[in-house]
Each structure stands twice: as structure tokens, then as C-alpha cells.
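# Inside the fold
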Amino acid sequence: MGSNDIVNRRDDVRTRIRRGFILGVVITILFFPLGLSNFGEAFALESRVYGYVIYRSGSIIHVGYLPTYLYMWRISSLLFLAWIITYIAYIIKPSIVLDSSGIIYGISYVITHYIYLFTISAPIIIYPFAYIMITVGKPLLYLDWGQVITLITIWRFYSIRKLMRG
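Structure report, in brief.

For helix 4 (residues 145-165), which comprises 21 residues, the first-to-last C-alpha distance of 30 Å matches the rise-based estimate of 30 Å (1.5 Å per residue) to within 8%. Gly146, Gln147, Val148, Ile149, Thr153, Arg156 and Ile160 are the residues of helix 4 that are buried. Where helix 4 begins, one side-chain oxygen reaches toward the backbone nitrogen of Gly146, 3.1 Å away; that side chain belongs to Asp144.

Reading across from one edge, 3-4-5 is the order of the three strands in this open sheet, with antiparallel pairing throughout. Each having just a single partner strand, strand 3 (124-127) and strand 5 (140-143) make up the two edges of the open sheet. Neighbour-to-neighbour, the strand axes of the sheet open up by a mean angle of 20°, direction not taken into account. Sheet analysis places strand 4 (residues 130-133) next to strand 5, joined by four bridges and oriented antiparallel.

In this section: the nonpolar core. The nonpolar side chains of soluble globular proteins are, as a tendency, buried together. Among the nonpolar cores identified, the biggest contains 28 residues, and Leu79, Tyr116, Leu117, Ile120, Ile124 and Met133 are the most heavily contacted of them. Of all the secondary-structure elements, those providing two or more residues to this core are helix 1 (3-34), helix 2 (68-92), helix 3 (96-119), strand 4 and helix 4. With ten residues, the top contributor of residues to this core is helix 2. Not counting chain neighbours up to four residues away, the residues in contact with Leu117 comprise Ile124, Tyr131 and Met133.

Turning next to the pairing of strand 3. Across four bridges, the pairing between strand 3 and strand 4 is antiparallel. Note that in strand 4 the partner of Ile125 across the bridge is Ile132.

Here Ser95 is to be found in the loop between helix 2 and helix 3. Residues Ser95 and Gly20, 75 residues apart in the sequence, show an inter-C-alpha distance of 9.3 Å.

Along the chain, His113 turns up in helix 3. You can call His113 buried: its relative accessible area is 5%. Among residues more than four places away in sequence, those in contact with His113 are Ser76, Tyr131, Asp144 and Gly146.

Below, the discussion takes up the packing of aromatic side chains. In this structure the tally under the stated criterion is nine aromatic pairs. Relative to Trp83, the ring of Phe80 lies with its centre 6.3 Å away and its plane at 25°, an arrangement referred to as stacked. Highlighted residues: Phe80 and Trp83, both in helix 2, separated by three residues, approximately one helical turn. Residue classification places Phe80 among the partly exposed residues on the basis of a relative accessible area of 22%. Above the ring of Trp155, the side-chain terminus of Arg156 is found at 4.6 Å from the ring centroid.

Rules and cut-offs
- Residues numbered from 1 in each chain as written.
- Predicted model: local features only at pLDDT ≥ 70, side-chain atom pairs only at ≥ 80, totals over all residues.
- Heavy atoms only, no water.
- Helix = DSSP H or I, 4+ residues; strand = E, 2+ residues; numbered from the N terminus.
- Expected span 1.5 Å × (residues − 1).
- Buried < 20%, exposed > 50% of the residue type's maximum accessible area, 1.4 Å probe, protein only.
- Polar contact = N/O pair within 3.5 Å; in protein donor to acceptor, adjacent residues only side chain to side chain.
- Pairing = 2+ DSSP bridges.
- Axes fitted to C-alpha atoms, helices over the stretch in contact; angles between N-to-C directions.
- Core = buried A, V, L, I, M, F, W, Y, C linked by side-chain atoms within 4.5 Å.
- Contact = heavy atoms within 4.5 Å.
- Phe/Tyr/Trp six-rings, centres within 6.5 Å; stacked < 30°, edge-to-face > 60°.
- Lys NZ or Arg CZ within 6 Å of the ring centre and 35° of its normal.

Structure below.
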């Protein structure tokens, strides 16, 4: 195997990584207009004739517009779904294009997830791998997928970086 073959292989890997990043960015950008759609209404038990809910000072306020937290929740849900589907496909047939686009979905999900959490107007207490949301009633404990996906994304980023170095 000559040095020319190693250079060609390295360029091929970089090209595939670049394709995956571009694919991830394009699909992520397409999710932002989809966040304005009412795809969540398909799963609702009743229609939202009363508007959306916002928490202020421990009380519930109903508004007629789409709040930022709900918009970010919709986008982060789509990105989480894309991230899951990408890595299921990666498990079935490993591909560096899927892996690199999964990194973009992971980063985008973490950003929109935390924008959602900090715009919901309910007090949030973040712990390692969990957060507590204090709403009207008792506090709710959730697994913090943002931290889980951050760790997996960092691991996959360093795996791809190692591939690029050869």
C-alpha cells in the first residue's frame, strides 16, 4: 500500500464526513419550519381551543400564540427522532455519513432542548443526567436526554476525529 493510496483513502473519509455534516445541517434547517406545524396535535386527546399554557410565578396563563418553549420542544422532538433513527440505521449498517450527520443532530438537539427548558418559565433544577421541573403541583423528575446525547455526541465526534487522522 503506497502513500498515494493512504492519501486517497483519507480524502475519501473526509469527503464522506463532509457529506454527513452537510446532510445533518440541511435536515436540521428543514426541521425549523416544521416546528411551526401542529404535528403534536395529532397525538392530543383534545384540541387546543383554549390556547397554549405558560407558567408565570407558579400560576398557569393561557395564550393564543405559539410560545417559544413549545416551538423549541417541537424542533427538539424532531431532532431527537432524527438522532435515534440515524443511529439505529448506523447499528444496522455502519456508515461514516450517518455517524457524522448524527453528530449534527445531537448538537442541534442539545441546543434546542436547553432553549426549551430555559424558556418554559417553570423553575428547573438540573442534576447529573436528570432535571426537576417545578410546576403547579409536585415537582417532576425527568431523565435529561440533553446530557445523555451530549456524552454520546462527544464520543462519536472523537471517534470520527480518530478516523480522520488515520
